[in-house]
Amino acid sequence: GQNIDQPTEMTATEGAIVQINCTYQTSGFNGLFWYQQHAGEAPTFLSYNVLDGLEEKGRFSSFLSRSKGYSYLLLKELQMKDSASYLCAVVSGGYNKLIFGAGTRLAVHP
Amino acid sequence: GAVVSQHPSWVICKSGTSVKIECRSLDFQATTMFWYRQFPKQSLMLMATSNEGSKATYEQGVEKDKFLINHASLTLSTLTVTSAHPEDSSFYICSASQGAAVGELFFGEGSRLTVL
């Protein structure tokens, strides 16, 4: 079966660092995506990991451990505009077929 | 980057009518398009995978006869919600793949359907 777990909600303070975890158990694995989604809008791409390790892109970093079925998204220097849902998605099968987790709603407070 | 456009961005219809949503890749040829549905405060649920010129592959639990998908060209896929009911009210999002290489996936802006 397919199972992707993320915390439902998180809160953090502006300027701080937050880590959003994702664990997965899928029948196939061709990489893991993180997307950001504001309410009522389509997801926007943040990162893609296919090999173990850390990928850094500005204030955002994503880590993958395939042996543990685990990933995290790290957001640094949080800004109010980072308040959104963060979706973990696994590529299961060919042709970019994505299976999404339920998403983590992050609220950033002043 | 590549652009995927959906139309309409929102639609309100009466129960029992059919609604068509279009998904277009504007500057690339999309060999594969995906249709997702998202209920409020929930994540995206894959409905079907659509390949140009062939029948769509539906996920378990998705009614083929209710959600008609047509991928007639490399730049256009359509989703028709037939005999819509209030429980079909949702946010429908398409994504398009330019090739088989993972990573080349682009999302449309989404279409919000409200069935009265």
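Computed from a predicted structure; not experimentally measured.

Definitions and limits used
- Residues numbered from 1 in each chain as written.
- Chains lettered and ligands numbered in written order.
- Predicted model: local features only at pLDDT ≥ 70, side-chain atom pairs only at ≥ 80, totals over all residues.
- Heavy atoms only, no water.
- Disulfide = S-S within 2.5 Å.
- Helix = DSSP H or I, 4+ residues; strand = E, 2+ residues; numbered from the N terminus.
- Buried < 20%, exposed > 50% of the residue type's maximum accessible area, 1.4 Å probe, protein only.
- Polar contact = N/O pair within 3.5 Å; in protein donor to acceptor, adjacent residues only side chain to side chain.
- Contact = heavy atoms within 4.5 Å.
- Buried area = accessible area lost by both parts, 1.4 Å probe.
- Salt bridge = Lys/Arg side-chain N within 4 Å of Asp/Glu carboxyl O.
- Nonpolar A, V, L, I, M, F, W, Y, C, P; charged D, E, K, R; others polar.
- Phe/Tyr/Trp six-rings, centres within 6.5 Å; stacked < 30°, edge-to-face > 60°.

Visitor: Please set out the state of the cysteines residue by residue, giving values where relevant.
Guide: Covalent bonding between the sulfur atoms of two cysteines defines a disulfide. Across all of its chains, the model carries two disulfides over all chains by this definition. The side chain of Cys22(A) participates in a disulfide bridge whose partner is Cys88(A); the two sulfur atoms lie 2.0 Å from each other. Residues Cys22(A) and Cys88(A) are joined through a disulfide that is left-handed, its torsion about the S-S bond being -65 degrees. Linking Cys22(A) in strand β3 (residues 18–25) with Cys88(A) in strand β9 (residues 84–91), this pair joins segments that are 66 residues apart in sequence. According to the relative accessible area criterion, Cys22(A) is buried, its value standing at 0%. Disulfide pairing places Cys23(B) opposite Cys94(B) at an S-S distance of 2.0 Å. Here the disulfide of Cys23(B) and Cys94(B) is right-handed, its torsion about the S-S bond being about 75 degrees. Within this pair, whereas Cys23(B) is found in strand β3 (residues 19–25), its partner Cys94(B) is found in strand β9 (residues 90–97), the two being separated by 71 residues in sequence. Each member of the pair, Cys23(B) together with Cys94(B), is buried.

Visitor: Provide a residue-level description of the side chain of Ser77(B), including the pertinent values.
Guide: Residues and elements named next belong to chain B. Mapped onto the elements of the fold, Ser77 is located in strand β8 (residues 76–81). Here Ser77 falls in the buried class, since its relative accessible area comes to 0%. One polar contact links Ser77 to Trp35, side chain to side chain, over a distance of 3.0 Å. Sequence-distant contacts of Ser77, that is, excluding residues within four places in its chain, are made with Ile21, Glu22, Cys23, Met33, Trp35, Ser50, Ile69, Asn70 and His71.

Visitor: Could you give an account of the interface of chain B and chain A, with specific residues and numbers?
Guide: Chain B puts 25 residues into the contact, and the matching count from chain A is 20 residues. Carbon and sulfur atoms supply 60% of the area that chain B and chain A bury against each other, a total of about 1600 Å² over both sides. Applying the counting rule to chain B against chain A returns zero salt bridges. Every element with two or more residues in the side of chain B that touches chain A is listed here: β4 (32–38), β9 and β10 (105–107) of chain B. If you tally residues by element for the side of chain B that touches chain A, the top one is β4(B), at four residues. Tallied by class, residues from the side of chain B that touches chain A come to eleven nonpolar, nine polar and five charged.

Visitor: Which residues make up the packing of aromatic side chains, and what are the values?
Guide: Residue and element names in this part refer to chain A. Counted under the stated rule, the structure contains 15 aromatic pairs over all chains. Here the aromatic rings of Phe33 and Tyr48 are separated by 4.6 Å at their centres, their planes lie at 35 degrees, and the arrangement is tilted. On the criterion of sequence distance, the pair formed by Phe33 in strand β4 (residues 32–37) and Tyr48 in strand β5 (residues 44–49) is long-range, its members being 15 residues apart. Between Tyr35 and Phe45, the ring centres sit 6.2 Å apart and the planes meet at 80 degrees, which makes this aromatic pair edge-to-face. You can see Tyr35 sitting in strand β4 and its partner Phe45 sitting in strand β5, a full ten residues away along the chain. For Tyr35, a relative accessible area of 1% gives the class buried.

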